[in-house]
Amino acid sequence: LGGLVGDSPPRALPGPGEPQTAVQVEDLDGSVEVLLSPEALRRHGDLLRPGTPILCCGEVQQVNPPRMSLVEAHPLAETPRRLAVRVSLHIPAASLSDELLGKVNKVLLEHPGETPVTPCLEFASGAKVLLQADASHRVLADETLYHALEHLLGEGAVYIESRQPPCAEGTP
């Protein structure tokens, strides 16, 4: 779940068992109540300031309205670095030129990071050839890189593969 922490401060929930804290996380479709155990609150409480963009991972409880038991949380701005495992560039072989490769190389070098890049030449016959880029072509696979490469290579030419499942710690 990605969204903004709501304006209301975290609140303690009454009830038997382990004490829980709740916070609202709002996205474009509405808001979800996110439940935090004392351990989750200790580890991730600093991200729960109102208006903070966060990525929440956990177990969704199918109640009405749905709630999530938080396992881990991260600043939303770190999502590209945390989730991207590969950037694939699908380049029509017929459009390949030294000029295009130079422009692509420049964009890649302007976005240094940890995500490997895999160029793929696509031929009119339908054949595809995957190339191995050297280690200097590791990038931060964010929206800026995506749009810059798509501007050069065309719509649908850039694919960002994400880690599955997206949460490092999984669900409880």
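This structure is a prediction, so every number in the text was calculated from the model and none was measured. (Residues numbered from 1 in each chain as written. Predicted model: local features only at pLDDT ≥ 70, side-chain atom pairs only at ≥ 80, totals over all residues. Heavy atoms only, no water.)

## Some points on the overall build of the protein chain
Tallying secondary structure elements over the protein chain gives 4 helices and 11 strands in all. Relative to the globule expectation of 16 Å for 172 residues, the C-alpha radius of gyration of the protein chain, 21 Å, shows a markedly less compact shape. Taking the principal axes of the C-alpha coordinates as reference, the protein chain spans close to 65 × 30 × 25 Å. Looking at the protein chain as a whole, 35% of its 172 residues are labelled buried. Within the protein chain, residue pairs in contact and separated by at least 24 positions form 59% of the contacts whose partners lie at least 6 positions apart. Of the accessible surface of the protein chain, which amounts to about 10200 Å², a share of 55% is contributed by carbon and sulfur atoms. Taken as two groups, the 13 positive and 23 negative side-chain charges of the protein chain have centres that lie 5 Å from each other. (Helix = DSSP H or I, 4+ residues; strand = E, 2+ residues; numbered from the N terminus. Rg over C-alpha atoms; globule rule 2.2 N^0.38 Å. Buried < 20%, exposed > 50% of the residue type's maximum accessible area, 1.4 Å probe, protein only. Contact = heavy atoms within 4.5 Å. Areas by Shrake-Rupley, 256 points an atom, 1.4 Å probe, with all protein chains shown as cover. Lys, Arg positive; Asp, Glu negative; His and termini not counted. Charge placed at Lys NZ, Arg CZ, Asp CG, Glu CD.)

## A short note on the confidence of the model for the protein chain
Per-residue confidence for the protein chain gives a mean pLDDT of 90; residues scoring 70 or more make up 97%. The secondary structure element of the protein chain with the lowest average pLDDT is helix 2 (residues 79-83), at 84, and the one with the highest is helix 4 (residues 143-153), at 96. (pLDDT = per-residue confidence, 0-100.)

## Topic: the packing of helix 3 (residues 98-109) against helix 4
Helix 4 packs onto helix 3 with a crossing angle of 175 degrees between their chain directions and a minimal axis gap of 10 Å. As the angle between them shows, helix 3 and helix 4 are arranged roughly antiparallel. Of the residues in helix 4, those touching helix 3 at Leu100, Lys103, Val104, Val107 and Leu108 are Leu145, Ala148, Leu149, Leu152 and Leu153. Considering only residue class, the contact of helix 3 with helix 4 consists of 9 nonpolar, no polar and 1 charged. (Axes fitted to C-alpha atoms, helices over the stretch in contact; angles between N-to-C directions. Parallel < 35°, antiparallel > 145°, perpendicular 65-115°, else oblique. Nonpolar A, V, L, I, M, F, W, Y, C, P; charged D, E, K, R; others polar.)

## A short note on helix 4
Taken residue by residue, helix 4 has Leu145, Leu149, Glu150 and Leu153 as its buried positions. Seen from one end, helix 4 has its buried residues packed into an arc of 125 degrees, which puts them on one side. Those residues of helix 4 that are exposed and aimed more than 90 degrees away from the buried face are Glu143, Thr144 and His151. Those residues of helix 4 hidden inside the fold are in contact with strand 7 (84-92), helix 3, strand 10 (138-139) and strand 11 (158-162). A positive backbone phi angle near 105 degrees is found at Gly154, which sits one or two residues after helix 4. (Arc of directions from axis to C-beta.)

## So, unusual backbone geometry
The residue after Asn64, namely Pro65, is reached through a cis peptide bond having omega -5 degrees. Examined against the element boundaries, Pro65 turns out to sit in the loop between strand 5 (53-61) and strand 6 (67-75).

## Brief notes about the environment of His111
Position of His111 relative to the elements: it lies in the loop between helix 3 and strand 8 (112-122). Here the alpha-carbon distance between His111 and Arg43, two residues 68 residues apart in the chain, equals 30 Å. Beyond its immediate sequence surroundings of up to four residues, His111 is in contact with Arg138, Val139, Leu140, Asp142, Thr144 and Leu145.

## Overview of helix 3
Helix length check: helix 3, at 12 residues, gives a terminal C-alpha distance of 16 Å against a target of 16 Å (1.5 Å per residue), a fit within 8%. Along helix 3, the positions that sit buried rather than exposed are Leu100, Val104, Val107 and Leu108. Projected onto a plane normal to the axis of helix 3, the buried residues spread over an arc of 100 degrees and lie on a single side. Of the exposed residues in helix 3, those oriented more than 90 degrees away from the buried face are Asp98, Glu99 and Lys106. (Expected span 1.5 Å × (residues − 1).)

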